[in-house]
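# Examining the three-dimensional arrangement
Listed below, chain by chain, are the residues.
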Amino acid sequence: MGASTVPYVGRAPQRAVVAAAFAEPGHVVLVRGEAGVGKSSLVAAERAGATTDVVSGGCLQLAGEPLPLAALEQIFDARGGWPENEDPEQQSAEQRLRSIRRWADALAPAGPAAIPTTLVVEDLHWADETTCDVLVYLASTAGRRKLSIVATLRDDETPRVGRVRQALADLARLPGTVDVTIQRLDRDEARELVAALTGGAEVDLDAWYEQSQGNPYLLGELVKDPAARRLHDVLLARVHELGSDATELVRLAAVFGLWVRDAHLHAASPLPPERYAPAVREAIAAGVLVVDGEDYAFRHSLMCEAVLSQLLPIERRELHDRAARALAADAGDDIVTAASVSTHWSAAGAADQAAEWSLRAARKARSLDAYAEAWGYYQRALDAGRKAGPPSLELAQEAAGAARLAGDPATAAAIIEDALAHDPGDGAERACALERLGCFRWEAGQTDKSLAAYAEATAALDDDVSAVHAQVWGAQARASFIMAAFEDAARDADRAVTAAREHGSAAVLADALITHGTVRALDGDGGGIAELREAAALARGSGEYAVLCRAYANLVLALELSGHPREAGEAAAEGLAVMPEYGIELAVGAALACNAVNTMRRRGRYGQCTELLGRLLDGRRVQGQALHLHLERAELQLAVGDLPGARASLEAAAPLAEVDEPTVVAAIAAVRAELLSRAGDHDGCQRVVDEALRRLATTEDRRFRTELLVIGLRDAADTVPQRGAVVSARLERLAGELDVLVADDDDVDHHAHHLTAATELLRARGTATAEAWAGAADAWRRAARPREEAYALFRQAECHVDAKQRAKAAASAAAARAIAAGIGAVPLVTAVDELVRRTRLAPAPAPRAPVEDRPHGLTAREAEVLALLGTGATNRQIARKLFISERTVGVHVSRVLHKLQVANRAQAAAMAASVLR
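Keep in mind that what you see is a predicted model, and the values were worked out from it rather than measured.

Our next topic: a negative patch on the surface. Residues Glu394, Asp426, Glu429, Asp462, Asp463 and Asp464 make up a contiguous surface patch of negative charge. The residue Asp462 is located in the loop between helix H23 (447–460) and helix H24 (467–482) in this model. Assessed through its relative accessible area of 44%, Asp462 is described here as partly exposed.

Okay, structure coming up:
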């Protein structure tokens with residue numbers, strides 16, 4: 001973009017860092033500094049010796065606003081144009097993530113055939129959200145793409161887009177990122193530069209240094225005009241030398257921005273051809289403009305900004321009008337041109353034309369899946385159009401969809417509300433608008449209003465069943481299920497499946513089957529699991545990864561809560577394997593990850609949970625459904641005794657506090673109550689449990705309430721010895737709640753919770769028995785919940801102590817400790833040890849697995865690794881299956897080879913079947 005011709009001096013360490021990025025892939029370099037300090041010049045100096053393929057683009061601003069996707073436009077122009085959009089009609093967060101990956105693959109494909117490439121992005125401080133997202137993604141995957149990235153930015157200018165600051169923080173966290181700050185020249189460096197520019201002539205360096213403060217660009221301009229006394233004069237010295245034609249042309253060029261195409265400048269200029277060409281040549285000869293292919297660019301952005309600062313408001317409006325007309329007459333089909341014309345018309349005061357071109361820019365950005373940028377231009381179009389009345393229902397839904405995908409569902413809902421108030425529509429049109437309104441309200445946390453919109457959408461449906469019916473009924477069913485209104489969910493899901501099989505797309509049918517199958521499965525109908533697997537197959541076949549993630553999320557949940565813990569774990573592994581890259585940013589991806597972590601935590605696989613949650617959360621700012629992962633981490637931290645970590649995770653999930661979904665209410669209450677109980681705030685614990693039970697009372701849920709009763713009754717039982725009178729009324733209230741929640745023996749998880757709550761009630765009343773706790777331990781064993789089983793065994797040991805059955809107490813305590821220690825449940829291990837110490841029980845040896853269960857001294861994890869080796873799985877496949885890192889797999893494989901006394905993994909694989917028989 002018009003790099004400076006000033007010779008480059010000094011900055012040897014910074015030059016070496018940038019040079020490395022042009023010599024080999026794998027580097028991410030951020031070059032910071034004030035305007036004119038030499039950032040672009042440094043990059044240009046090292047680019048000359050590049051041994052990698054170099055592609056570059058610069059972020060731009062126009063009239064003080066970033067131009068959307070300007071850098072990406074230049075980059076892909078150099079690569080032959082934007083990669084084709086797979087499905088421009090689809091508008092979803094998933095589609096946007098796919099586009100980012102597709103763009104990355106087009107720019108720097110991964111794999112053995114990848115060409116070492118260096119990507120240069122200039123003026124990152126003027127970037128837009130999508131450019132930031134692409135850059136962070138490329139940097140995160142730079143190693144496998146043989147890519148280096150060099151980005152320049154001003155550190156004396158605050159970015160207009162907040163995402164830029166976040167992107168810089170994201171980039172800084174990546175291993176291998178180097179942040180280079182370019183400082184002004186010191187006096188010796190300034191002397192060297194001036195000598196190079198003047199040929200060694202004697203000059204008053206001290207005066208120039210004081211005037212420029214060591215800024216290389218300003219020093220270069222002072223060499224051109226030594227008599228300049230003000231900074232402003234220095235910047236405009238070259239312009240002041242121009243004749244009237246060249247001066248007017250430069251003023252017009254400055255309105256276009258840092259660069260302008262010759263054809264556009266010529267079209268906008270009032271000069272005839274015989275005067276236009278000499279004027280351009282004069283501006284180039286004076287060093288104001290430089291030739292850049294078919295374009296003209298200012299020698300430096302500071303000069304362009306100085307020219308603009310001299311324009312009167314009326315002059316700005318006239319020049320912007322000329323620029324708008326020239327660009328509109330030769331408008332290319334690209335986002336930068338549409339946005340530029342919109343901005344020029346707005347600056348010229350032509351509101352109607354600005355609105356028209358804003359809408360063009362919005363639709364072009366939306367077609368590229370750049371939703372944040374699309375929403376910005378939709379806002380301009382809507383604001384300008386409101387003078388003539390509210391937008392049409394069709395345009396409102398279009399704009400609202402962009403607002404929602406840009407992360408503002410509340411505004412999306414408001415846009416449709418306003419449009420419906422002006423144009424209610426009827427039939428399918430109204431039903432579709434209301435279904436979208438319900439969706440946006442739901443995502444904005446407006447639960448009651450969302451349900452009302454879905455009800456209105458259902459009422460607006462025509463008698464003739466169509467694809468719209470399937471979509472509306474499916475959404476209604478999904479909302480009812482989330483709110484634990486299971487009968488309503490079953491009814492609407494049944495209707496949605498029937499309509500979708502006849503009229504709907506594969507995605508709509510799969511979505512309806514997910515809700516229908518989950519309701520059936522939780523009601524004990526085995527056919528529900530088959531429907532969930534059918535939904536997954538449909539979604540996979542149609543490439544609908546968002547629906548596929550939701551299918552697996554619900555499959556894990558259904559299997560877990562219908563008494564199939566092993567199958568739930570297998571489904572979790574399958575789901576995580578197909579979850580697309582960056583899937584955590586999708587609500588459904590987050591739900592799948594949450595359910596997968598939940599089922600692993602219930603099995604006591606704390607190490608795998610820790611690793612997976614770290615991979616999903618550490619170094620990331622998450623929002624929406626992904627906040628649930630913080631609650632899962634809090635539950636895990638409570639299990640292993642990390643109370644400060646659990647408090648921090650609960651705080652990170654704070655935005656969920658206003659959500660009225662039963663799952664969220666119960667999860668937050670469970671963590672809060674547990675933390676308060678462990679901190680000794682028993683009244684606070686009970687208040688949290690009571691409030692959550694009150695909020696859940698109107699739902700058809702039993703499981704969440706029973707889990708909360710376990711916490712409340714355990715806390716009450718712990719405080720009875722000190723505060724019996726205070727706790728008595730509380731116990732009766734909780735007992736009444738428990739009586740309402742009748743246990744179902746076929747629901748092993750709920751049965752175990754109910755039995756534990758009832759036994760805690762007996763403990764609070766002083767009547768618990770070892771037999772009662774043995775029953776609870778057996779129930780948890782059948783539910784495959786080791787921590788809860790160990791807790792019941794611990795309480796059983798207490799009862800044996802009270803009955804003076806010390807041998808039985810020691811055995812129960814040892815069994816509890818072995819389970820708790822095996823999974824890392826530190827608080828429970830501590831409680832058992834304290835019981836043994838306090839009662840002076842003889843520590844019984846922990847139960848050992850029979851020798852035949854531990855062949856060759858293999859640990860349980862090593863046995864899992866060996867089993868997968870027997871299938872021919874690679875280390876990467878084993879890592880994905882067991883949710884551990886490839887490095888950890890390598891360690892386990894080495895140990896397996898050593899214990900089996902074999903030389904390689906092929907021999908180990910050959911032995912797997914016989915060893916693990």
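That covers the picture; the talk isn't over yet.
With that settled, consider the sheet that holds strand S10 (residues 295–298). Read across the open sheet, the three strands follow the order S8-S10-S9; overall the sheet is antiparallel. For this open sheet the edge positions go to strand S8 (259–261) and strand S9 (289–292), each flanked by a neighbour on one side alone. Neighbour-to-neighbour, the strand axes of the sheet open up by a mean angle of 30°, direction not taken into account. Two strands pair when backbone bridges link them, and S8 and S10 are joined in this way by three bridges, in the antiparallel orientation. The residue of S10 that forms the bridge with Trp259 is Ala297.

Per the counting criterion, the structure on display carries 53 salt bridges. With its nearest N and O atoms 2.7 Å apart, the salt bridge here joins Asp179 to Arg32. One end of the pair, Asp179, is in strand S7 (residues 177–181); the other, Arg32, is in strand S1 (residues 28–33), with 147 residues separating them in the sequence. Judged by relative accessible area, Asp179 falls into the partly exposed class, the value being 38%. Between Glu305 and Arg154 there is a salt bridge whose closest N-O contact spans 2.9 Å. Of the two residues, Glu305 is situated in helix H15 (residues 301–309) and Arg154 in strand S6 (residues 147–154); the sequence distance between them amounts to 151 residues. For Glu305, a relative accessible area of 29% translates into the label partly exposed. What you see here is one network of salt bridges that share partners, running through Glu560, Arg602, Arg603, Asp749, Arg785 and Glu788.

This part takes up unusual backbone geometry. Positive phi, normally seen in glycine, also occurs at Arg11, with a value near 60°. Position of Arg11 relative to the elements: it lies in the segment before helix H1 (12–23). A positive phi angle, near 60°, is found at Ala784, a position not held by glycine. Topologically, Ala784 is positioned in the loop between helix H38 (770–782) and helix H39 (786–802). Residue Ala784 is classed as partly exposed on the basis of its relative accessible area, which comes to 26%.

Bringing the pairing of S6 into the picture now. In terms of residue burial, S6 counts as a mostly covered element, since eight of its eight residues are buried. In S6, alternate side chains face the same way, and those of Leu147, Ile149, Ala151 and Leu153 on one face and Ser148, Val150, Thr152 and Arg154 on the other are all buried. Pairing of S1 with S6, which is carried by six bridges, proceeds in the parallel orientation. Paired with Leu30 across the bridge in S6 is Ala151. Taken together, the five bridges between strand S5 (residues 117–122) and S6 define a ladder with parallel strand orientation. Counterpart to Thr118 in the pairing with S6 is Ser148.

Residue pairs three or four apart in sequence face the same way in an α-helix, which turns once every 3.6 residues. Here helix H7 (residues 162–173) contains twelve residues, and its C-alpha end-to-end distance of 18 Å stays within 8% of the 16 Å for a straight helix at 1.5 Å per residue. Buried residues in H7 make contact with S1, helix H5 (129–140), S6 and S7.

Formed by 225 residues in total, the largest nonpolar core has its most connected members in Leu119, Val121, Leu265, Val288, Phe298 and Tyr378. Counting residues per element, this core draws most heavily on helix H28 (residues 545–561), at ten residues. In this structure, Tyr378 is in contact with Leu359, Ala362, Arg363, Arg366, Leu395, Glu398, Ala399 and Ala402, ignoring residues within four places of it in sequence. Residues Ala670, Cys685, Leu709 and Leu731 belong to the second largest nonpolar core, which totals 26 residues.

Rules used in this analysis
- Residues numbered from 1 in each chain as written.
- Predicted model: local features only at pLDDT ≥ 70, side-chain atom pairs only at ≥ 80, totals over all residues.
- Heavy atoms only, no water.
- Patch = residues over 30% accessible without salt bridge, like charges linked within 9 Å, V, L, I, M, F, W, Y side chains within 5 Å.
- Areas by Shrake-Rupley, 256 points an atom, 1.4 Å probe, with all protein chains shown as cover.
- Salt bridge = Lys/Arg side-chain N within 4 Å of Asp/Glu carboxyl O.
- Lys, Arg positive; Asp, Glu negative; His and termini not counted.
- Charge placed at Lys NZ, Arg CZ, Asp CG, Glu CD.
- Helix = DSSP H or I, 4+ residues; strand = E, 2+ residues; numbered from the N terminus.
- Buried < 20%, exposed > 50% of the residue type's maximum accessible area, 1.4 Å probe, protein only.
- Pairing = 2+ DSSP bridges.
- Axes fitted to C-alpha atoms, helices over the stretch in contact; angles between N-to-C directions.
- Expected span 1.5 Å × (residues − 1).
- Contact = heavy atoms within 4.5 Å.
- Core = buried A, V, L, I, M, F, W, Y, C linked by side-chain atoms within 4.5 Å.

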